[in-house]
Amino acid sequence: MAQAHRLDCESAVGDCRFIIQSENEEETIELAKTHMRDVHGKDYAVEELRSEYLKIV
Ligand SMILES: [Zn+2]
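Residues numbered from 1 in each chain as written. Predicted model: local features only at pLDDT ≥ 70, side-chain atom pairs only at ≥ 80, totals over all residues.

The protein chain carries the name DUF1059 domain-containing protein in an unreviewed UniProt entry, which gives Natronosalvus rutilus as its organism.

Caption draft 1: Summary view of the sheet that holds strand S3 (residues 54–56). Strand order in the open sheet formed by 3 strands is S2-S1-S3, and the pairing between neighbours is antiparallel. Either end of the sheet is taken by a strand with one partner, and the two such strands are strand S2 (19–22) and S3. If you compare each strand with its neighbour and ignore which way they point, the axes differ by 25 degrees on average. Bridge count between strand S1 (residues 5–8) and S2: 4 bridges; the pairing is antiparallel. Counterpart to aspartate 8 in the pairing with S2 is isoleucine 19. (Pairing = 2+ DSSP bridges. Helix = DSSP H or I, 4+ residues; strand = E, 2+ residues; numbered from the N terminus. Axes fitted to C-alpha atoms, helices over the stretch in contact; angles between N-to-C directions.)

Caption draft 2: Structural detail: the packing of helix H2 (residues 25–40) against helix H3 (residues 46–53). Interaxial distance between H2 and H3 falls to 10 Å at its minimum, and their mutual angle equals 110 degrees. Judged by the inter-axis angle, H2 sits roughly perpendicular to H3. Residues Ile29, Ala32 and Lys33 of H2 touch H3, and the partners they reach there are Val46, Leu49 and Arg50. (Parallel < 35°, antiparallel > 145°, perpendicular 65-115°, else oblique. Contact = placed C-beta atoms within 7 Å.)

If you want it as structure tokens, here you go:
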């Protein structure tokens, strides 16, 4: 079974239940980046999202 990449917005923002999960790491990060910017007005670096918040599930 393929591994999935998962990013819980809660781990970054605290009070948001948004979860992005995909088999494609780039897509997961891209979606997270867009969500952070559009919903929370925060601009995260791709590297930061990957190293700090991305999990393999
Ligand atoms: Zn969020």
